[in-house]
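# Survey of secondary and tertiary structure
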Amino acid sequence: MARQQPPPWVHAAFLFCLLSLGRAIEIPMDLSQPPTITKQSVKDHIVDPRDNILIECEAKGNPAPSFHWTRNSRFFNIAKDPRVSMRRRSGTLVIDFRSGGRPEEYEGEYQCFARNKFGTALSNRIRLQVSKSPLWPKENLDPVVVQEGAPLTLQCNPPPGLPSPVIFWMSSSMEPITQDKRVSQGHNGDLYFSNVMLQDMQTDYSCNARFHFTHTIQQKNPFTLKVLTNHPYNDSSLRNHPDMYSARGVAERTPSFMYPQGTASSQMVLRGMDLLLECIASGVPTPDIAWYKKGGDLPSDKAKFENFNKALRITNVSEEDSGEYFCLASNKMGSIRHTISVRVKAAPYWLDEPKNLILAPGEDGRLVCRANGNPKPTVQWMVNGEPLQSAPPNPNREVAGDTIIFRDTQISSRAVYQCNTSNEHGYLLANAFVSVLDVPPRMLSPRNQLIRVILYNRTRLDCPFFGSPIPTLRWFKNGQGSNLDGGNYHVYENGSLEIKMIRKEDQGIYTCVATNILGKAENQVRLEVKDPTRIYRMPEDQIAKRGTTVQLECRVKHDPSLKLTVSWLKDDEPLYIGNRMKKEEDSLTIFGVAERDQGSYTCVASTELDQDLAKAYLTVLGRPDRPRDLELTDLAERSVRLTWIPGDDNNSPITDYVVQFEEDQFQPGVWHDHSKFPGSVNSAVLRLSPYVNYQFRVIAVNEVGSSHPSLPSERYRTSGAPPESNPSDVKGEGTRKNNMEITWTPMNATSAFGPNLRYIVKWRRRETRETWNNVTVWGSRYVVGQTPVYVPYEIRVQAENDFGKGPEPDTVIGYSGEDLPSAPRRFRVRQPNLETINLEWDHPEHPNGILIGYTLKYVAFNGTKVGKQIVENFSPNQTKFTMQRADPVSRYRFSLSARTQVGSGEAVTEESPAPPNEAYTNNQADIATQGWFIGLMCAIALLVLILLIVCFIKRSRGGKYPVREKKDVPLGPEDPKEEDGSFDYSDEDNKPLQGSQTSLDGTIKQQESDDSLVDYGEGGEGQFNEDGSFIGQYTVKKDKEETEGNESSEATSPVNAIYSLA
């Protein structure tokens, strides 16, 4: 964060104002005056031959001047040449070639003369030249043959153009020639090789010249380079070898200079121009160049190095830059020095340029023309374009070297004087007129101006005036009689009043009064003082990560009567507010900060009168730039040293380097991570595998992210060897029930170790004495066929290449394919109470694979009504399941199957027993609706009727016949299962009796069931409450054998039937 000083142009503008205060007073254009040149073409005027020629010359004067031209110091008659015309009210020449003609015919030196009755003004001598871009001469270039390691210069010799063309080298296919400290282009356009290498033969070399005016490029026929070498193969392993030259059989040499030649040379440069010194040296290894100045240091503010330190440029040369400079070329074999003696000359430059002189009749004055240069320039005076010596004599004029003195001037002294100062390097020409006038004072600016200024600033109140003799000027404030001059005020020659520091009390009305012997004139200026604009909360320096949001504050206080504008600069240029930026009244917000947002941000708060600046620097932490210039050295069979040059860390230190490799045999174009190194290193030894054609690249990592990968290195191939490992992740699994697929992860390029990598696959059944089966496979799988279902096998996979076999492999157990499992065994359904049902089962006898679980499907049913099927899946270890009943009435049908990877096997099905209430109700409903039951009831009724008749008859006879009561059948011994109140319904318990039939509604007929209410009662009689419901407790049903052993005819007797219906 910093409050920035006003930009340089503010100081420059103020200096310009101060300089203008001392300038000679201008004559108003409504008064008579000699001509003044206001615009002209440059001295060396080069034109495009395709365009019309324009030679400018503009002037002012009263009366308006007329113009004429000279060409090569002779009068140029414009009227005689139809192609040449002069613009109206101007001296500018136009030469038109639309109707033909050659521009070259008009080359020469032109000079413009502007004349009126008070004198003649001259332009500079304008040298007109037509731009030229000649074709390259046709030539057949023989191949250039050179020994590897020798120096070489390919000469360009471009055709002479005007201006000189820009030279650059390319191949014939328009690819730029890569330049470095070994191969580079000199200032003269030639291409220099400090030493030639075999790789230089890979392209041809063509010199190209680009001409400025025609925008054309001329191409020289290409050079073909043939390099003789002791090592004919351009082996990448040698190109970056630390001792590359000796490895290639190239003898090392001490440096010698290719340009300039010898040990010393000299150079002349003109003051104000750029000095370019150049030293290009040959040698093996390539020499380094360093620059020095004898007896002093290089001017750091003006000196810079170019062309890989082979050139030294010093800008805006002055006399202090003269002296001896030397370049030092050195390599490990030695060093040499070349000394360049620099002489600074100078074309003429002004010390005191003559200015217009305005005098009243009888006044004295002088014109001064002082210039310097090297060599010292001569001064020549002219009047109205003629040498002063040949002008009519004037007794009021005296020439004293570089000064002309005028005494007691009269009207006849009016003229335009020219001062021409020149040496061998150039010339300067200046016009200055002498005007003799009698004019009373007059004000040249509008009256009663309002001037608004900022508190504490320096300001100037202008009061332009004219008069001859030159009037005196005084200033007054608010009509007071004291003259304002001295202290906080200063009055300049041209009448401007400077107030050095404005205060509030300086506000008011200021009057300027101009007076000479012919009268006086006055004008008023009203001064208002305003508060300054100040940024009281400035933006602060910030460090931001890429992609984040940054806000820069800028809060301003200003005079409320002035309009405030807040703008932003980035790197001192106007900031473009794009989509990612939001400019508010007191801040600037940048969303999604990117690397290009880094830089200085300046808040500019400005009004019509002043401005305030505050600058902050935004540092963006970005991903690092890619590393570059990868080099392989220390080449060995199983290692190599990789060196790289780090890229810019973009304000976030590099923490790591990731080295990646690519090989062109197994996975060409695919990059793999090789190793990781700390961010503090830029060289590392890499461990390598046999028989890999390596190529490396490096990625830099910092806190923000990873760089783009570097350009790849040269390739390096290692020698082969037998494999040192075998493939991993070996498996044997069946894809069908009668096969086994053996698979493995194939070995990559870094573990193959040799060509023709293959795999020896062996297998045999486990725990047998079978011999090993084997086969050689080139892929990563093999299928063994005709195998039994789910049988274990021993498997081995061994790697082999052309150099030999890998180590003995480990044995892996695999299995052939699976099949559907058999049904689960001993599926049991138990109902401990009316709320739950328990299921139990055993594993299948034949799993035929790895069991992955069990699937249970069950559905509730009640009579003809069937519920929605429910599916439960269990783990392979689960063999029990407890189900909560939805209601106490419905029954359930269960289906259980085991699963392998192949699918679900055979299912076993069971049903839950009917609840007791349901059996009773169903039996009653079944008996009441059966035909046999109706017939039986009728027979019983008939029998009872007969018995009643018999009884009645007997009673009528008086006899008594006892009726046998129902015999109670005692219960057998208690079932041990009765203790917990549960019922055990085994598979046999729920099967219908032999020969039983099922009714249409799915219930079992009464005579076919071994269940009855009698069976569940405590005795032979059931008990019911008042509403007829059954209230007897459930008891365990007698075993089948017990029931059969205690059968009684009473079970089917009419009496019992009656009891059952009661």
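For the structure itself, consult the block above.
One structure accompanies this document, and this report is about it. (Residues numbered from 1 in each chain as written. Predicted model: local features only at pLDDT ≥ 70, side-chain atom pairs only at ≥ 80, totals over all residues. Heavy atoms only, no water.)

## Structural notes on the overall build of the protein chain
What the protein chain contains, in helices and strands, is nine helices and 80 strands. Scored against the burial criterion, the 1062 residues of the protein chain give a buried share of 41%. On the protein chain, roughly 57,900 Å² of surface is accessible, and the fraction owed to carbon and sulfur atoms is 50%. (Helix = DSSP H or I, 4+ residues; strand = E, 2+ residues; numbered from the N terminus. Buried < 20%, exposed > 50% of the residue type's maximum accessible area, 1.4 Å probe, protein only. Areas by Shrake-Rupley, 256 points an atom, 1.4 Å probe, with all protein chains shown as cover.)

## Concerning a nonpolar patch on the surface
Residues Leu942, Leu945, Ile946, Ile949, Val950, Phe952 and Ile953 make up a contiguous nonpolar surface patch of roughly 630 Å² in combined accessible area. By secondary structure assignment, the location of leucine 942 is in helix H6 (residues 931-957). (Patch = residues over 30% accessible without salt bridge, like charges linked within 9 Å, V, L, I, M, F, W, Y side chains within 5 Å. Salt bridge = Lys/Arg side-chain N within 4 Å of Asp/Glu carboxyl O.)

## Comments concerning the sheet that holds strand S14 (residues 152-154)
With antiparallel pairing, the three strands of this open sheet are ordered in space as S14-S17-S16. At either margin of the open sheet sits one strand with a lone partner, and together these are S14 and strand S16 (183-185). With direction set aside, neighbouring strand axes in the sheet form an average angle of 20°. Note that S16 and strand S17 (residues 191-193) share three bridges and pair antiparallel. The partner of serine 184 across the bridge, within S17, is tyrosine 192. (Pairing = 2+ DSSP bridges. Axes fitted to C-alpha atoms, helices over the stretch in contact; angles between N-to-C directions.)

## Overview of the pairing of strand S11 (residues 119-122)
Here S11 shows two buried faces, one formed by Gly119 and Ala121 and the other by Thr120 and Leu122. Taking the residues that link successive antiparallel strands as the turn, the strand S10 (residues 108-116)-S11 hairpin has two residues.

## Considering the sheet that holds strand S31 (residues 365-368)
One key point about sheets: their strands pair by backbone hydrogen bonds, in either a parallel or an antiparallel sense. Pairing is antiparallel across the open sheet formed by three strands, whose spatial order is S31-S36-S35. Because the sheet does not close on itself, it has two edges, and the strands there are S31 and strand S35 (397-400). Each strand axis lies, on average, 15° off the axis of its neighbour in the sheet, ignoring direction. The sheet contact formed by S31 and strand S36 (residues 403-406) spans four bridges and is antiparallel. Paired with glycine 365 across the strands is phenylalanine 406, a residue of S36.

## Quick look at the environment of threonine 459
Tracing the sequence through the fold places threonine 459 in strand S41 (residues 459-461). In this structure, the C-alpha to C-alpha distance between threonine 459 and isoleucine 499, residues 40 residues apart in sequence, is 5.4 Å. Dropping the residues within four chain positions of it, threonine 459 is found in contact with Val453, Leu497, Glu498, Ile499 and Ile502. (Contact = heavy atoms within 4.5 Å.)

## Describing unusual backbone geometry
Between asparagine 62 and the following residue, proline 63, the backbone shows a cis peptide bond with an omega angle of 5°. Turning to its location among the elements, proline 63 is positioned in the loop between strand S5 (57-62) and strand S6 (66-71). The phi dihedral of arginine 89 falls on the positive side, at around 55°, and the residue is not glycine. Assignment of secondary structure puts arginine 89 in the loop between strand S8 (84-86) and strand S9 (93-95).

## What about the state of the cysteines?
Under the criterion given, the structure shown has six disulfides. Here cysteine 156 connects covalently by a disulfide to cysteine 207, the sulfurs 1.9 Å from one another. A torsion of -70° about the S-S bond marks the disulfide between cysteine 156 and cysteine 207 as left-handed. One end of the pair, cysteine 156, is in the loop between S14 and strand S15 (166-170); the other, cysteine 207, is in strand S18 (residues 206-211), and 51 residues separate them in sequence. Take cysteine 156 and cysteine 207: they sit in the same class, and that class is buried. Each disulfide pairs two cysteine sulfurs, and for cysteine 369 the partner residue is cysteine 419, the sulfurs being separated by 1.7 Å. Judged by the sign of its S-S torsion, about -70°, the bond between cysteine 369 and cysteine 419 is left-handed. Here cysteine 369 is found in the loop between S31 and strand S32 (370-374), whereas its partner cysteine 419 is found in strand S37 (residues 415-423), with 50 residues between them in sequence. Judged by its relative accessible area of 0%, cysteine 369 falls in the buried class. For cysteine 419, a relative accessible area of 0% puts it in the buried group. (Disulfide = S-S within 2.5 Å.)

## Here we look at the nonpolar core
Trp69, Trp475 and Tyr510 are the most contacted members of the largest nonpolar core, which has 52 residues in total. If one sorts the elements of this core by residue count, strand S47 (residues 519-530) sits on top with four residues. Residues Trp136, Leu154, Ile177 and Cys207 belong to the second largest nonpolar core, which totals 21 residues. (Core = buried A, V, L, I, M, F, W, Y, C linked by side-chain atoms within 4.5 Å.)

## Points about the packing of aromatic side chains
Given two aromatic rings, their pairing is described by the distance between the two centres and the angle made by the two planes. Counted according to the given criterion, the structure contains 18 aromatic pairs. Where phenylalanine 97 meets tyrosine 106, the ring centres are 5.6 Å apart and the plane angle is 75°; that geometry is what we call edge-to-face. Each member of the pair phenylalanine 97 and tyrosine 106 is classed as buried. Judged by centre distance (5.3 Å) and plane angle (5°), the rings of tyrosine 694 and phenylalanine 696 are stacked. Accessibility assignment for this pair places tyrosine 694 and phenylalanine 696 in one class, buried. Aromatic ring contacts, followed pair by pair, group Trp841, Tyr854, Phe874 and Phe881 into a single cluster. The side chain of arginine 125 reaches across the aromatic face of tyrosine 427, ending 4.0 Å from its centre. Taking NZ or CZ as reference, arginine 271 lies 3.9 Å from the ring centre of tyrosine 349, over its face. (Phe/Tyr/Trp six-rings, centres within 6.5 Å; stacked < 30°, edge-to-face > 60°. Lys NZ or Arg CZ within 6 Å of the ring centre and 35° of its normal.)

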